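Fold and geometry: a report
In case you want the letters, here they are:
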Amino acid sequence: MDVLPRILALLEDETPRKRIAAAVVLGELGVRSPAAVSALSQMARDPLAALAEPAIEALGKLGARNALPALLDALERKELRKPASEAIASLGEEVLPALRDRAARAAPEVRAALSELLPAMRGSFAMVLEGLSGQPFEVVNRVALSVRHSARTSPLPERKSMAAKVESLLRKMAQQRSDGTNQEPALRGALKILGFLELPRAATTLQKYLGKKHSAAVRVEAITALRFALGEKPPAKAVRALVDLLEDSDPLVARAARDTLTVMRGADALAKDLVRLARAKDAELALWAIGLLGASGASKQLAEIARESDRARAEAAVKALAALPGSGPLLAEALAEAEEEAGAHAIADALERIQLSAQEIGKLREAGTKMLRKSLAIARRQLEPLRRTDPQDWAKALRQAARKADPARGEAIGDILVRSGHATAEDRLAHACLLLRRSSLDPHPRARQSDPALIELEKLAADGIALARALEKDKSLSPEARYHVGFHFAEHHAPEVRAQGISLLEGLSSGGRGKLARAARNKLALLRAGSARE
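Summarised in this report is the structure supplied together with it. (Residues numbered from 1 in each chain as written. Predicted model: local features only at pLDDT ≥ 70, side-chain atom pairs only at ≥ 80, totals over all residues. Heavy atoms only, no water.)

Further remarks concern the overall build of the chain. If you tally the helices and strands in the chain, you get 33 helices and zero strands. Since a compact globule built from 534 residues should have a radius of gyration of about 24 Å, the 44 Å found for the chain marks it as more spread out than a globular shape. Principal axes of the C-alpha set define a box for the chain whose edges measure 145 × 55 × 45 Å. Looking at the chain residue by residue over its 534 residues, the buried ones come to 47%. Taking all contacts inside the chain whose residues are at least 6 apart in sequence as the whole, residues at least 24 apart take part in 60%. Carbon and sulfur atoms make up 51% of the accessible area of the chain, which amounts to about 27400 Å² in all. If the 83 positive side-chain charges of the chain are averaged to one point and the 68 negative ones to another, these points end up 4 Å apart. (Helix = DSSP H or I, 4+ residues; strand = E, 2+ residues; numbered from the N terminus. Rg over C-alpha atoms; globule rule 2.2 N^0.38 Å. Buried < 20%, exposed > 50% of the residue type's maximum accessible area, 1.4 Å probe, protein only. Contact = heavy atoms within 4.5 Å. Areas by Shrake-Rupley, 256 points an atom, 1.4 Å probe, with all protein chains shown as cover. Lys, Arg positive; Asp, Glu negative; His and termini not counted. Charge placed at Lys NZ, Arg CZ, Asp CG, Glu CD.)

Here it is as structure tokens:
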């Protein structure tokens, strides 16, 4: 017995579950008889969406073109739009004329739904482009995105044919714009689709939409489309156009150009432009340019930027350079040539993780020794690799520089050496004497407590250094300076320091009848009297 009549009868059963089950079975069986299509079409118009939806899905599985009117009616019902779109898409390109007719007299929302389902139908490309006109950009964007797969996977001849249709539409829209018609959403969608076709020849067309006569949204769309169209070897003209847009007054346009150049191949050809942009006022743009220089392996350009004064840019350049293989010699050379503290700081930090050759360290020693005359901050960074590998030679370089420098700079260099832990007793004494020569020799107790020369000399005396003899030998020190030390030390609580002070005062007291000799004798007398009372 034929079961089809029984299944068709169930489509009109009073029980909803039986009707739904019958529709599902007909779709699975693939029964495309006129009676089945007619019954399912009638059910697809049921006011209840729960009953209409399984009938629509069954019609889609059957590929029943005769059911198109019922499916188009369902398309106008918001709750059935998705299954109706899928069912119509399965009917094939033969129904395109009917869809075109329906779109011409459909409400905007139905027209939008038709536009979105068309890309899934073979042979519908021309109609897809026609459907862009008059639609809001949200719809246009969804349609363009749905074209992407077929645009990228179609054979080259077909893609060329599709591009010709898009360019024809663009020319038509250019004429309409001159008439005052607003076609911006459709124009943006067409540019997006043209990019999806990934044809290098489309770059020429897309470049026409980069100028300021177009809105920012259109320019951004053209820039983004170029990302797909430029291909393996982007033409110089297109690249130049994008570089020019990096500093555009509209931030959206500038950002789109930056994003496109970031993913574009052949960015190494932009090295000169990127170095210029790395110095741009826009810090974000500058850091982007530095990152792209790193990605393209532009080590020499990065080394140049790494030496400069802007700390953030110098650090970014150093980081990018340090990530490149064999960057040690370049970083060492950049540090040797650095004349800005920020750059020297960043490079020195990076070199802490890199082993340098003896020759490279020698160059840094020479550069750092010379720089001590101009900038202690830079010099310290240049000499840091030497300090890590050979602290004694580092101390020798500072010692020699301090002797040759003027008093103020010599004091500063000596201070670095003394605080390093690599200074000898002679270094410490020489530094203390230099401080003493520059001291105000203020006898007030509070002034003496904060006098850096006395502080350093106290440490040396506490370490057992024979200060009295050393200070007497130093002919560059005035008797007043020795008296200043002797007077202060003679009152010190530590016996070894106090002994050094008394020795200095005794030496001065034997110097005759001068004012300073009398003062020394008086101080010694007071000290003895105080000791006697105790």
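Here we come to the nonpolar core. Counting residues in each nonpolar core, the largest one holds 102 residues, and the members touching the most others are L170, L261 and W288. If you look at the next biggest cluster of nonpolar residues, it comprises 35 residues, including L8, L11, A23 and M127. (Core = buried A, V, L, I, M, F, W, Y, C linked by side-chain atoms within 4.5 Å.)

Relative to the helices and strands, L524 resides in helix 33 (residues 515-533). The spatial distance from the C-alpha of L524 to the C-alpha of S503 is 10.0 Å, given a sequence separation of 21 residues. Setting aside residues up to four positions removed in sequence, L524 forms contacts with I502, L505, E506 and S509.

Viewed as axis vectors pointing N to C, helix 21 (residues 328-337) and helix 23 (residues 358-371) meet at an angle of 10°, and their least axial separation amounts to 9 Å. Taken together, helix 21 and helix 23 sit at an angle that is classed as roughly parallel. On helix 23, the residues that touch P329, A332, L335 and A336 of helix 21 are E360, L364 and A367. Partitioning the contact of helix 21 with helix 23 into residue classes produces six nonpolar, no polar and one charged. (Axes fitted to C-alpha atoms, helices over the stretch in contact; angles between N-to-C directions. Parallel < 35°, antiparallel > 145°, perpendicular 65-115°, else oblique. Nonpolar A, V, L, I, M, F, W, Y, C, P; charged D, E, K, R; others polar.)

As a packed pair, helix 19 (residues 299-306) and helix 20 (residues 311-322) sit with axes 8 Å apart at the nearest point and diverge in direction by 150°. Here helix 20 runs roughly antiparallel to helix 19, going by the angle between their axes. Of the two elements, helix 19 crosses helix 20, and the hand of that crossing is left-handed. Contact residues: helix 19 offers S299, L302, A303, I305 and A306, while helix 20 offers R313, A314, A317, V318, A320 and L321. For the contact of helix 19 with helix 20, the per-class residue count stands at nine nonpolar, one polar and one charged. (Left-handed = near helix turned anticlockwise from the far one by under 90°.)

What follows deals with the side chain of S439. Tracing the backbone shows S439 in the loop between helix 27 (425-437) and helix 28 (445-449). For S439, the side chain forms a polar contact with the side chain of D451, separated by 2.7 Å. Among all residues touching S439, those that are not within four sequence positions of it are D451 and H484. (Polar contact = N/O pair within 3.5 Å; in protein donor to acceptor, adjacent residues only side chain to side chain.)

What follows is about the environment of E366. Examined against the element boundaries, E366 turns out to sit in helix 23. Through-space distance from the C-alpha of E366 to that of I354 is 19 Å; in sequence the pair is 12 residues apart.

Here we take up the packing of aromatic side chains. Tallying each qualifying case throughout the model produces two aromatic pairs. Centroid distance F196 to F228: 5.6 Å. Interplanar angle 70°. Geometry classified as edge-to-face. One end of the pair, F196, is in helix 12 (residues 184-196); the other, F228, is in helix 14 (residues 216-229), with 32 residues separating them in the sequence. The buried category is assigned to F196, whose relative accessible area is 4%. Taking the centre distance of 5.7 Å and the plane angle of 45° together, the rings of Y483 and F487 count as tilted. Of this pair, Y483 and F487 both sit in helix 31 (residues 479-490), four residues apart, which is roughly one turn of the helix. Overall, the relative accessible area of 17% leaves Y483 in the buried class. (Phe/Tyr/Trp six-rings, centres within 6.5 Å; stacked < 30°, edge-to-face > 60°.)

Under the counting rule described, the total for this entry stands at 34 salt bridges. A salt bridge links R365 to D393; its shortest N-O distance comes to 2.9 Å. A residue pair is termed long-range when its members are at least 10 positions apart, and R365 in helix 23 and D393 in helix 25 (residues 391-404) qualify at 28 residues. Judged by relative accessible area, which is 21%, D393 ranks as partly exposed. With a shortest N-O distance of 2.8 Å, D415 and R419 are connected by a salt bridge. Taken together, the residues D415 and R419, both in helix 26 (residues 407-420) and four residues apart, mark about one turn of the helix. With a relative accessible area of 26%, D415 lands in the partly exposed category. A relative accessible area of 65% means that R419 is categorised as exposed. Residues joined by salt bridges that share partners form a network here, namely R240, D244, E247, D273 and R276. (Salt bridge = Lys/Arg side-chain N within 4 Å of Asp/Glu carboxyl O.)

Moving on, we come to a positive patch on the surface. Where like charges cluster on the molecular surface, the positive patch consists of R513, K515, R518 and R521. Among the secondary structure elements, R518 is positioned in helix 33. When its relative accessible area of 42% is taken as the criterion, R518 is described as partly exposed. (Patch = residues over 30% accessible without salt bridge, like charges linked within 9 Å, V, L, I, M, F, W, Y side chains within 5 Å.)

Geometric values such as these leave the question of function open.
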